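# Fold and geometry: a report
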Amino acid sequence: MTLADGMRFLAGPVREPVTIVRVPTTQEETLVGRYLWVIGPTDCPHGLEEGPFGQARRLGQVKHTNLTGGGNAHCGGELWYLTDDRVLINGASGRYGPATEQQLHDAARCLQALGYSVGYMRFGESNKPMTFAAGEEDVVWL
């Protein structure tokens, strides 16, 4: 995935139109405006999961490996823009997902250092990242 395909880099509040949504509270709501993100060795690429590039793929959506070219990343998941500088993330990535909630917290702090107001979805009962927030207690805001 390239810039021409819609990949962007998390480097501070966005300067172009993005899909603004509210905190997803159902699995269906997570599909609207969902971006994938990763923290790579040198940058933080992200892209709209079901945008034109994703729709042209065999599976109909972008995968985290499209953002990295199959290379290394420190952490990854899903992201929603709540405003142009306020984002909500989770650690839902089969390949680059965090192993612990502390790792997801640390990733959120990295995005906060780039200038975003960040919230992240906690880990659920199965010790896996939650994929939607059933209530405010499921989100940690930095």
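Above this note sits the structure.
Described below are features of the structure shown in this document. (Residues numbered from 1 in each chain as written. Predicted model: local features only at pLDDT ≥ 70, side-chain atom pairs only at ≥ 80, totals over all residues. Heavy atoms only, no water.)

### Notes on the pairing of strand β2 (residues 35–39)
Looking along a regular strand, one sees side chains alternate from face to face of the sheet. Inclusion rule: Relative accessibility thresholds used throughout: buried, under 20% of the residue-type maximum; exposed, over 50%; partly exposed, between the two (1.4 Å probe, protein chains only). Runs of H or I in DSSP of at least four residues are treated as helices and runs of E of at least two as strands, each being numbered from the N terminus. In this description, strands pair whenever DSSP reports at least two bridges between them.
For β2, the tally of buried residues reaches five of five residues, placing the bulk of the element in the interior. Neither face of β2 is left uncovered, since the one carrying Y35, W37 and I39 and the one carrying L36 and V38 both have all their residues buried. Pairing of β2 with strand β3 (residues 45–48) involves three bridges; the strand directions are antiparallel. Bridging from a neighbouring strand, L36 pairs with G47 of β3. Adjacent in sequence and paired antiparallel, β2 and β3 are bridged by five residues.

### Describing the sheet that holds β2
Applicable threshold: For this analysis, residues touch if any pair of their heavy atoms sits within 4.5 Å. The axes used here are C-alpha line fits, helices contributing only the stretch in contact, and every angle between their N-to-C directions lies in the interval 0 to 180 degrees.
Taken in spatial order, the seven strands of this open sheet run β1-β3-β2-β4-β5-β6-β7, and their pairing is mixed. Each end of this open sheet is capped by a strand with a single partner; those strands are β1 (8–9) and β7 (139–141). Across the face of the sheet, helix α3 (residues 101–113) comes into contact with β2, β4 (75–81), β5 (86–89), β6 (117–121) and β7 while running at roughly 160 degrees to β6.

### Observations regarding the nonpolar core
The cut-off we apply is this: In this description, a nonpolar core means a group of buried Ala, Val, Leu, Ile, Met, Phe, Trp, Tyr and Cys residues linked to one another through side-chain atoms lying within 4.5 Å.
Of all hydrophobic cores here, the largest spans 20 residues; its most connected members are L10, W37, L79, Y81, I89, Y116 and V118. Secondary structure elements with two or more residues in this core: β2, β4, β5, α3 and β6. No other element matches the four residues that α3 contributes to this core. Contacts of L10, omitting those with residues within four sequence positions, involve W37, C44, H46, L79, Y81, L111, L114 and Y116. In this structure, V23, L82, M130 and V139 belong to the second largest nonpolar core, which totals nine residues.

### Regarding α3
Three or four residues apart is the spacing at which side chains of an α-helix point the same way, because the helix has 3.6 residues per turn. So the rule is basically this: Given a helix with a known number of residues, its expected span is that number minus one, times 1.5 Å. Arc, as used here, means the arc of the directions from the helix axis to the C-beta atoms.
Taking 1.5 Å of rise per residue, 13 residues should cover 18 Å, and α3 covers 18 Å from first to last C-alpha, within 8% of that figure. What α3 keeps buried is the set L104, A107, A108 and L111. One face of α3 carries all of its buried residues, which in axial projection span an arc of 100 degrees. Within two residues after α3, G115 carries a phi angle of roughly 110 degrees, on the positive side.

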